[in-house]
Amino acid sequence: MGLADLARDGEQLEEALDRYQAALEIAREIRNAFLMAYALEGMGRALRLQGRAREALPVLQEAAEIATRLGLRMLATVAALSRGMAEVETGRILDGLSRMAPALERLREGDLPTRVWGHFLMARAYFQAHRHREALKQLAEAARLNGPDALVAPLLPELRRAEPLFRLAKRRGVQWPEIWEPLRRLGRSRRAPPRAALPPLEIRAFGPGEVWIEGQLVAWPEARKAWELFFYLLGVDSATREEIGAALWPDAPPARLIGQFHSAKWRLKRILRREVLVLREGRYAFDRRQPHWYDVAMFEEYLRLAR
């Protein structure tokens, strides 16, 4: 789990999500509720940092519910703060602030790095709500707790997303630790390395359902649900997670469905070595923009031309 945290705080977010998902699968298999809650909170935070706050919300809700049920006060508090920030970023500002404010009070019992992160997150939330006085107050408190030279790893990705807040603070004369200065600038010049062209997928739905990559048949060891998810979304234009759940996991309770869906989605990406699903307005679909050949689509095209 520590490697997942390092990847998240270093903004290697895809790697972080993969590691949290792997940890979540292990936690479910051994029925370790603490690890489940921890992995879900980390996954939700990574999704939010990726700009996928709407997807993060149910994941963080499940993390908070498990932590609360187990009496893990600090983990439940951290999950509440993360969930509140995700709500703010999806436009539900009042809901987010009303969730974050009492959680921040409870955070007084937490360790120093978590308190620094919590106050800084609250500053960002207040700034997005245009409540600048409260935002600067929380920023100043985060700076005071941080001290002149402490390096708070969970703070790093938040620093890089707060440039407008820092500009306001500079105009108002609010100081922050010198160590924040180079850290908050790291993300500005960062550019994703160019991706190598992926070999096309050859998809054969007639028959048993096969996928070939560069002449090699893709194996689906212990990943039947990933295979079902892939071919299900090939056969429809798009579907919500609830519709997918009703088709693939009809007997799963809603809370467990979230984990099973993300597990299948993660396995699908790992097996095919690429992201093949897209999410638009709450609906998942097969990404037909990527290079692929699909026998059903070709058959339908031949029928159309024959008419």
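Right above here is the structure, for reference.
Residues numbered from 1 in each chain as written. Predicted model: local features only at pLDDT ≥ 70, side-chain atom pairs only at ≥ 80, totals over all residues. Heavy atoms only, no water.

Asks: Which residues make up helix α4 (residues 53–70), and what values do they have?
Replies: A rise of 1.5 Å per residue sets the reference length of α4, with its 18 residues, at 26 Å; its end C-alpha atoms lie 25 Å apart and thus fit the reference within 8%. Buried residues of α4: Ala53, Glu55, Ala56, Leu57, Pro58, Val59, Leu60, Glu62, Ala63, Ala64, Ile66 and Ala67, and no others. Downstream of α4 by one or two residues, Gly71 has phi in the positive range, about 75°. (Helix = DSSP H or I, 4+ residues; strand = E, 2+ residues; numbered from the N terminus. Expected span 1.5 Å × (residues − 1). Buried < 20%, exposed > 50% of the residue type's maximum accessible area, 1.4 Å probe, protein only.)

Asks: Pulling in residues and values, what's your account of the side chain of Ser82?
Replies: With respect to the helices and strands, Ser82 occurs in helix α5 (residues 73–89). Under the relative-accessibility criterion, Ser82 is labelled buried at 0%. Beyond its immediate sequence surroundings of up to four residues, Ser82 is in contact with Glu41, Arg45, Arg48, Leu60, Trp117 and Leu121. (Contact = heavy atoms within 4.5 Å.)

Asks: Mind laying out helix α6 (residues 93–106), listing which residues take part and the relevant values?
Replies: Its 14 residues place the ends of α6 20 Å apart at the C-alpha level, agreeing with the 20 Å of an ideal helix rising 1.5 Å per residue. Among the residues making up α6, those that are buried are Gly96, Leu97, Met100, Ala103 and Leu104. Buried residues of α6 fall within an arc of 140° about the axis and therefore sit on the same side. For α6, the secondary structure elements touched by its buried residues are α5, α7 (112–128) and α8 (132–146). (Arc of directions from axis to C-beta.)

Asks: Lay out the packing of helix α3 (residues 33–49) against α4 with the relevant residues and their values.
Replies: Contact geometry of α3 with α4 gives a least axis separation of 8 Å together with a crossing angle of 155°. One finds that α3 runs roughly antiparallel with respect to α4. For the crossing formed where α3 meets α4, the hand is left-handed. In this structure, α3 contributes Ala33, Phe34, Met36, Ala37, Leu40, Glu41, Met43, Gly44, Arg45, Leu47 and Arg48 to the contact, and α4 contributes Ala53, Glu55, Ala56, Val59, Leu60, Glu62, Ala63, Ile66, Ala67 and Leu70. When the residues that make up the contact of α3 with α4 are grouped by side-chain class, the tally is 15 nonpolar, 1 polar and 5 charged. (Axes fitted to C-alpha atoms, helices over the stretch in contact; angles between N-to-C directions. Parallel < 35°, antiparallel > 145°, perpendicular 65-115°, else oblique. Left-handed = near helix turned anticlockwise from the far one by under 90°. Nonpolar A, V, L, I, M, F, W, Y, C, P; charged D, E, K, R; others polar.)

Asks: Lay out the pattern of salt bridges in plain terms, naming residues and giving numbers.
Replies: What the rule picks out here adds up to 29 salt bridges. In this structure, Asp9 and Arg8 form a salt bridge, with 3.0 Å as the shortest nitrogen-oxygen distance. Residues Asp9 and Arg8 agree in their burial class; the two are buried. Between Arg99 and Glu87 there is a salt bridge whose closest N-O contact spans 2.9 Å. With Arg99 in helix α6 and Glu87 in helix α5, this pair connects stretches of sequence that are 12 residues apart. You can call Arg99 partly exposed: its relative accessible area is 26%. (Salt bridge = Lys/Arg side-chain N within 4 Å of Asp/Glu carboxyl O.)

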